[in-house]
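Residue strings, one per chain:
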Amino acid sequence: MVVHRSQRSLARGLRRGSRSFSTKPVDRFTRPINKLLIANRGEISIRIGRGAKELDIATLAVFSKEDEYAMHRVVADESVLIGAGKAPVAAYLDQQGIVDVATKYGCDAIHPGYGFLSENPTMAQLAEDNGIMWVGPHHTVVHKMGDKVEARQVAINAGVPVIPGIEEPLHDEDACVKVCAKMGYPVMLKAAYGGGGRGMRKVYQEEDCRQAYRSAVSEAIGAFGNGAMFVEKLVEGAKHIEVQIMGDHHGNVIHLFERDCSVQRRHQKVLEIAPAPVLPDWSRNSLLSDAVRLCASIGYQNAGTVEFLVDKEGNHFFIEVNARLQVEHTVTEEVTGVDLVKTQLRVRQGANLHDLGLHQENIHVQGSCVQCRITTEDSQKNFTPSTGRIDYFRPALGMGIRIDGAVAAAGARVTPHYDSLLMKLSVKAATYQEACKRTSRALGEMRIGGVTTNIPFLQNLLHHPEVVSGECDTKIIDDNPDLLQYDRLDISTQNLCKYLGEVIVNGSMTSLVNPEMRPSRQPAIPPSVPGLDEMPAATAAGSWMGAPETLKAYGRPTPPEGLKQVLEHGGPAAVAKAVLDHKGLMLTDTTMRDAHQSLFATRMRTVDMTNVAAQTAHLQHNLFSCENWGGATFDVSYRFLRESPWERLEKLRELMPNVLFQMLLRGANGVGYTAYPDNAVYKFCDEAVKGGMDVFRIFDSLNYVDNLRLGIQAVGQAGGIVEATMSYTGNIADLTRKPYTLDYYLELAHQLVKEDIHILCIKDMAGLLTPPAATMLVSALKKEFPDVPLHVHTHDTSGAGVAAMLACAHAGADIVDCAVDSMSGITSQPSMGAIVASLQNTPLDTGIPLSSVSQLSVRWA
């Protein structure tokens, strides 16, 4: 039965609205908190940590695997992984795991924040049964307030008006339909053991009841683990007002005034205002008094919120008690000057509210504060969450502006694993209307790039007359769908530049302009070689799975024979012998792979390579190899260039039948960024050899031999040339630097040579190999392994790449990497022209005419 109050009884409420109440609370152990475990994530974890640090309390954060790089674990004094192997949300619901961590690390208390386990009575009891203080109400109170039916009865017993509803929660769909029909539509279905707008559905007619019930139950089970439903009469056109409560362990319960949370979408609060801007004084004081009396009747301790619906006449009806800190607690802090988190911690340590200066008559409201929940959602796409990297972030600044966030920073990543809250913007001013204007100004100043946000939607709200006047009710968004719309052309210069860059690099994404969604620019004209000017283009006769054993370039002049023919006739061992027997220095041309990967992120297209491949085969037929595959080739080809790297391999092989092809293989990772099953690596290597690949440079950045061994065995079985690699770092010429000494590399080389390899490689990925170090290392390796060809790779990052490669050559290296002049230097490989010119007419002459290098260099310029 609904209890309506007369104006006379409400006037009595006005007179007692400023009183604090005292009752006997549940006895709980209290002690000083020296270390606090924060059982939450994101902005609330950071907020709690700040309050704790101001009280000289050490903090311990917990984090899931998905939150490994989250800010909340960084700002805490310590952080511990929880829920290993569990789903992202389930990790933070691991009750025993959290208690075990608190015990192991000597925590005195656990603060649950909001959401997750904050209103779970089992967790509250588990913590205190293990001697760890729970920063919140006693578990019996949490249970009582979490049960909507029981909480309703508590309100009735305390003389607080309630909305008509059932006495016991429902667990059956048919029973729900019968109850709703008897109560009369419209009704509200609410999760009996939850809050925060989850598991709630409005039902206006009987034919929608079953679907609404199923949907609400499903959401409630997912959010709270319990699908029990509570049914009550729906009060339309009401305002949602909540009262902030604080109770201590000495029986004192006070309020810190109210908040207006009427602006909601699907029962999720969007704007919060303190104090409520248009609530009559008699109504305000009445519901403040009822909130305190209700909590005092059950001996409430710590922070909590009593929520009401207020109809158009000012009558209020109890909804529920949230036995925890609320998301919107910041607006109350701003208008009352009371730090709620620090008060929570002090109260849990046994402090008396009066000793803290928190007498009801001493608590006053000053000004008005508005909070916006800024989320990564697009209001025009049904609030679809947006994820990804925040490219840039510029916060709003100025008087009265407060930001609480955890991922609002350039470079941070918004993941799909948790709610889309980016940050909370709380803005204070002297009046509510001024606070609205200041909030709008602050939102306009913010710049967030890389993800979509709801800022345009919030701006629309803050300019709506009903919101500005404070007269809006809980249906403001439902009744005004135009609030969700905004001008999509109003985009930032940063996003515009990003789009233009994407089109320039990857071509138009519009099929009308680019049917194949590929760049269509024509490459530069390749150098002229007699007999090649009119030759037909490559056809890629094979498929990517199982190319033909031989590929012939019909109609083209045959280039001079090279090491590819040695491989075809004698196998990998014959190639290794040919390299050792060669009198001069041999070169690997990296222009078609590592050079453009290092200079412009592997964006060279297949057409750019095929237009010069045949010329390269003729002009540089005596190369050791041409590196044109591996590394980031697969990732970029598929994701950005929208090409098949297998098709590229076949086309190049058709055009370059005489030159060995070389690729980079990341051991067990293949050409990817994670370890693959062994059989996948074996199959990949087999298909690559069939497609025309010859030399496999197998490396592991940490020189982990087991990882290298898989690649070595897979390539050997496929019939490829195995080039086992040592990743170089440090400076062996500096005898004081350890552990990467000459002995380290000699021992590593011994381990690799024991495997069935054909070539040993030094891979200097960072360009650290100096000429003196090169002389020491190469000389020692050639002395130790004279029968194994030695190949050296470097980057010219330091500018000493040419000098280092010449030192390697003079020390006995058989092959070095380089790139044509116009594609060399900086982060690429050393200049081919410089190495060729430096060794001309010497015993180490490469045999490559300098004029050929110049011709190709002009083409790549």
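The shown structure was predicted, so the numbers you read here are calculated from the model rather than taken from an experiment. (Residues numbered from 1 in each chain as written. Predicted model: local features only at pLDDT ≥ 70, side-chain atom pairs only at ≥ 80, totals over all residues. Heavy atoms only, no water.)

It is worth spelling out the overall build of the chain at this point. On a plain count of helices and strands, the chain comes out with 29 helices and 33 strands. Going through the 861 residues of the chain one by one, you find that 58% of them count as buried. Residue pairs in contact within the chain that sit at least 24 positions apart in sequence constitute 72% of those at least 6 positions apart. (Helix = DSSP H or I, 4+ residues; strand = E, 2+ residues; numbered from the N terminus. Buried < 20%, exposed > 50% of the residue type's maximum accessible area, 1.4 Å probe, protein only. Contact = heavy atoms within 4.5 Å.)

Mapped onto the secondary structure, Gly630 falls in strand 27 (residues 625–630). Other than its neighbours up to four places away in sequence, Gly630 contacts Arg593, Gln597, Met663, Leu664 and Val671.

Using the criterion set out here, one finds zero disulfides in the structure. Cys369 forms no disulfide, and the closest cysteine sulfur to it belongs to Cys372, at a distance of 9.7 Å. By relative accessible area, which is 0% here, Cys369 ends up buried. (Disulfide = S-S within 2.5 Å.)

Note: predicted coordinates in regions of low pLDDT should not be interpreted at a detailed level. Residues of the chain with pLDDT of at least 70 account for 90%, and the chain-wide mean is 87. Here residues 1–22 scores under 50 on pLDDT; set against residues more than four positions off or in separate chains, the count is 48 contacts. Low pLDDT, under 50, characterises residues 533–555; the stretch is placed with 40 contacts to residues that sit more than four places away or in other chains. (pLDDT = per-residue confidence, 0-100.)

Okay, the sheet that holds strand 31 (residues 759–764) next. The strands making up a sheet are joined through hydrogen bonds of the backbone, oriented either antiparallel or parallel. The strand order 26-27-28-29-30-31-32-33 describes a closed barrel built from eight strands, whose pairing is parallel. Neighbour-to-neighbour, the strand axes of the sheet open up by a mean angle of 30°, direction not taken into account. Lying on the sheet, helix 27 (residues 801–811) is in contact with strand 32 (790–794) and strand 33 (815–818); it crosses strand 32 at an angle near 170°. Across the sheet, helix 28 (residues 832–839) touches strand 26 (586–589) and strand 33, and the angle it forms with strand 26 is around 170°. (Pairing = 2+ DSSP bridges. Axes fitted to C-alpha atoms, helices over the stretch in contact; angles between N-to-C directions.)

Two numbers describe how helix 27 lies on helix 28: the axes approach to 10 Å, and their chain directions differ by 40°. Here helix 27 lies oblique to helix 28, going by the angle between them. Taken as a pair, helix 27 and helix 28 cross one another with a handedness that is right-handed. Between helix 27 and helix 28, the contacting residues are Val802, Met805, Leu806 and His810 on the first element and Ala834, Ile835, Ser838 and Leu839 on the second. Of the residues in the contact of helix 27 with helix 28, the class split is six nonpolar, two polar and no charged. (Parallel < 35°, antiparallel > 145°, perpendicular 65-115°, else oblique. Left-handed = near helix turned anticlockwise from the far one by under 90°. Nonpolar A, V, L, I, M, F, W, Y, C, P; charged D, E, K, R; others polar.)

Pairing within the open sheet is antiparallel, and its three strands lie in the order 8-7-9. Edge positions in the sheet fall to strand 8 (200–203) and strand 9 (229–233), since each of these pairs with one other strand and no more. Taking each pair of neighbouring strands and ignoring which way they run, the sheet shows an average axis angle of 20°. Bridging between strand 7 (residues 187–191) and strand 8 involves four bridges; their strand directions are antiparallel. By the bridge assignment, Met188 is partnered in strand 8 with Lys202. Strand contacts of helix 10 (residues 209–224): strand 7, strand 8 and strand 9, with the helix running at about 170° to strand 8, the strand carrying the most contacts.

Take the pattern of salt bridges next. All told, the structure shown has 49 salt bridges when counted by the stated rule. Among the ionic pairs, Glu687 bridges to Lys683, the shortest N-O distance being 3.1 Å. Taken together, the residues span about one helical turn, with Glu687 and Lys683 both in helix 23 (residues 678–691) at a distance of four residues. With relative accessibility at 42%, the residue Lys683 sits in the partly exposed group. Ionic pairing is found between Asp814 and Lys782, a salt bridge with its closest N-O pair at 3.0 Å. (Salt bridge = Lys/Arg side-chain N within 4 Å of Asp/Glu carboxyl O.)

Following the criterion strictly, the structure yields 14 aromatic pairs and no others. Look at Phe383 and Phe457: their rings are 5.1 Å apart centre to centre, the planes differ by 80°, and that puts the pair in the edge-to-face class. With Phe383 in the loop between strand 18 (377–378) and strand 19 (384–385) and Phe457 in helix 15 (residues 455–462), this pair connects stretches of sequence that are 74 residues apart. Take Phe383 and Phe457: they sit in the same class, and that class is buried. Aromatic side chains Trp646 and Phe684 sit 5.6 Å apart centroid to centroid with 70° between the ring planes, which places their arrangement in the edge-to-face category. Highlighted residues: Trp646 in helix 22 (residues 645–655) and Phe684 in helix 23, separated in sequence by 38 residues. In this structure, Trp646 and Phe684 share a single accessibility class: buried. Among the aromatic residues, ring-to-ring pairing joins Trp629, Phe634, Tyr638, Trp646 and Phe684 into one connected group. Seen from the ring of Tyr418, Arg41 lies directly overhead, with NZ or CZ sitting 3.9 Å from the centre. Over the ring of Phe699 we find Lys763; its NZ or CZ atom is 5.1 Å from the centre of that ring. (Phe/Tyr/Trp six-rings, centres within 6.5 Å; stacked < 30°, edge-to-face > 60°. Lys NZ or Arg CZ within 6 Å of the ring centre and 35° of its normal.)

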